[in-house]
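Here is what each chain is made of, one letter per residue.
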Amino acid sequence: MIDIIHVSKTYPKQQVKAVDDVSLHIDSGEFFGLLGPNGAGKTTLIRILVTLLLPTSGEVQINNQVLTRKRADLKKKLSIITQENSLRYDMTLDQVMEWQARLYHIPLAVMRERREELLDFCGLTEHRKKTVRKLSGGMKRKLMLCRALLTDPEILILDEPTIGLDPASRRQMWDLLRRLNEKGLTVLMTTHYIEEAQSLCQRVALINKGKVVRLDTPAELISQLGPVAVDEFDGSQTRSSFFPTKEEALAYAESITNKFNMRSTTLEDVFLDIVGSGLEVV
């Protein structure tokens, strides 16, 4: 479905290589995550994928065809939800959807049918006559999802899709995204919420300093580190150790004198182990 082939992006004025020879393959129907600290190159890679930026070298292919700004047929397969709120606050939900349809030359009858399905899918039908400024943060994110899906894309790209949402709204968004993926939609997501990636993504690429440093399923990455963690508190900091079995973790815990906590290893542990303090959790 998506092939990122030896893609690099350099900003000569800043003398920064934001993306450094990245190659990835994302299967059709896959829920794929990009994880990394601020400045790792995730957003630059996303902008290359939607042709807002051109790569310095390398190329992106969709279904084995090279994606360029002139390939409108390939670009129509993609839809993106940015982390910034891009909705007009003076519009109602119906008007937002109609405006999107006009931009993409979607026939009125098709728009109306699709709008009803999407507003119902996201639980927004009863709010359709409200202006955007009267919506909660969670409702705004759901409306951005409806707008992105109106064009019936094959690939949905999400840049920090739940940033700023309360826990309940985040879980609602997770459920919506799962349901979309179960229907066959390919999803590519960046997030700083590592538990979000662990819960939703079938595979994740860990990116640091523009390079892919690890690529696998969340479960396999956790298994490689050790599925049982022991957090040891020495009075000034917490040190975490990881073990393949609970018995080995218990044996280690019995040998230390500091306070400790034993728990399951998470994908966040994996990331911190790879990139250290570079990870900023928001």
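It should be emphasised that the depicted structure is a prediction, and the values quoted were computed from it without experimental measurement.

Quick word on the sheet that holds strand β13 (residues 259-264)
Pairing is antiparallel in the open sheet, where three strands are placed in the order β12-β11-β13. Since the sheet does not close on itself, it has two edges, and those belong to β12 (238-243) and β13, each with one partner. Ignoring strand direction, the axes of neighbouring strands in this sheet form an average angle of 20 degrees. Taken together, the six bridges between strand β11 (residues 228-233) and β13 define a ladder with antiparallel strand orientation. Note on β13: the bridge partner recorded for Phe-233 is Lys-259.

Describing the pattern of salt bridges
This model, assessed by the stated rule, comprises 20 salt bridges. Ionic pairing is found between Asp-20 and Lys-17, a salt bridge with its closest N-O pair at 3.5 Å. Look at Lys-17 and you get partly exposed, because its relative accessible area is 43%. In this structure, Arg-71 and Asp-73 form a salt bridge, with 2.7 Å as the shortest nitrogen-oxygen distance. What makes Asp-73 partly exposed here is its relative accessible area of 41%. By sharing partners, the salt bridges in this structure join Asp-94, Arg-115, Glu-116, Arg-128 and Lys-129 into a single network.

Overview of the UniProt feature "domain: ABC transporter" (unreviewed entry) in the protein
Here the UniProt feature "domain: ABC transporter" (unreviewed entry) sits at residues 2-234. For residues 2-234, helix accounts for 35% and strand for 28%, while the C-alpha atoms at its two ends are 47 Å apart.

Section: the side chain of Asp-3
Looking at the element boundaries, Asp-3 is found in strand β1 (residues 2-11). At 8.6 Å, Arg-203 is the nearest oppositely charged side chain to Asp-3, a buried residue that forms no salt bridge. Within polar-contact distance, the side chain of Asp-3 engages the side chain of His-25 at 2.7 Å. Those residues in contact with Asp-3 that lie beyond four places of it in its chain are Leu-24, His-25, Glu-59, Val-60, Gln-61 and Asn-64.

Points about the nonpolar core
Of all hydrophobic cores here, the largest spans 48 residues; its most connected members are Leu-143, Leu-145, Leu-156 and Leu-177. Filtering out sequence-adjacent residues up to four positions away, Leu-156 remains in contact with Ser-79, Ile-81, Leu-145, Ala-148, Leu-149, Leu-177, Leu-185, Thr-186, Val-187 and Leu-188. Core analysis: the next-biggest nonpolar cluster, separate from the first, contains 26 residues, Ile-2, Ile-4, Ile-26 and Ala-40 among them.

Let's talk about the sheet that holds strand β8 (residues 186-190)
The pairing of strands in a sheet happens through backbone hydrogen bonds and is either parallel or antiparallel. Spatially, the six strands line up as an open sheet ordered β6-β7-β8-β3-β9-β10, and their pairing is mixed. Taken across any chain shown, the strands that pair with only one partner, and hence form the sheet edges, are β6 (78-81) and β10 (211-216). In this sheet, neighbouring strand axes are inclined to one another by 20 degrees on average, regardless of whether the strands run parallel or antiparallel. Of the strands in this sheet, β9 (203-208) and β10 touch helix α8 (residues 218-225), which is tilted by about 95 degrees from β10.

Focus: the packing of helix α3 (residues 93-103) against helix α4 (residues 108-121)
At a minimum axis separation of 10 Å, α3 and α4 run at an interaxial angle of 135 degrees. One element, α3, and the other, α4, form an angle in the oblique class. As α3 runs across α4, the sense of the crossing is right-handed. For the pair formed by α3 and α4, the contact residues are Leu-93, Asp-94, Met-97, Glu-98 and Ala-101 on the first element and Met-111, Arg-115, Leu-118 and Leu-119 on the second. Along the lines of polarity and charge, the residues of the contact of α3 with α4 split into six nonpolar, no polar and three charged.

Regarding the packing of α8 against helix α10 (residues 267-275)
When two helices pack together, their arrangement is given by the angle between the helix axes and the distance between those axes. Running from N to C, α8 and α10 cross one another at 60 degrees; their axes reach a closest spacing of 9 Å. In terms of their interaxial angle, α8 and α10 are classed as oblique. Relative to α10, the crossing made by α8 is left-handed. In this structure, α8 contributes Pro-218, Leu-221, Ile-222 and Leu-225 to the contact, and α10 contributes Leu-267, Asp-269, Val-270 and Asp-273. Tallied by class, residues from the contact of α8 with α10 come to six nonpolar, no polar and two charged.

Cut-off values and rules
- Residues numbered from 1 in each chain as written.
- Predicted model: local features only at pLDDT ≥ 70, side-chain atom pairs only at ≥ 80, totals over all residues.
- Heavy atoms only, no water.
- Pairing = 2+ DSSP bridges.
- Helix = DSSP H or I, 4+ residues; strand = E, 2+ residues; numbered from the N terminus.
- Axes fitted to C-alpha atoms, helices over the stretch in contact; angles between N-to-C directions.
- Salt bridge = Lys/Arg side-chain N within 4 Å of Asp/Glu carboxyl O.
- Buried < 20%, exposed > 50% of the residue type's maximum accessible area, 1.4 Å probe, protein only.
- UniProt positions renumbered as here; feature names shortened; annotations may be inferred.
- Lys, Arg positive; Asp, Glu negative; His and termini not counted.
- Polar contact = N/O pair within 3.5 Å; in protein donor to acceptor, adjacent residues only side chain to side chain.
- Contact = heavy atoms within 4.5 Å.
- Core = buried A, V, L, I, M, F, W, Y, C linked by side-chain atoms within 4.5 Å.
- Parallel < 35°, antiparallel > 145°, perpendicular 65-115°, else oblique.
- Left-handed = near helix turned anticlockwise from the far one by under 90°.
- Nonpolar A, V, L, I, M, F, W, Y, C, P; charged D, E, K, R; others polar.

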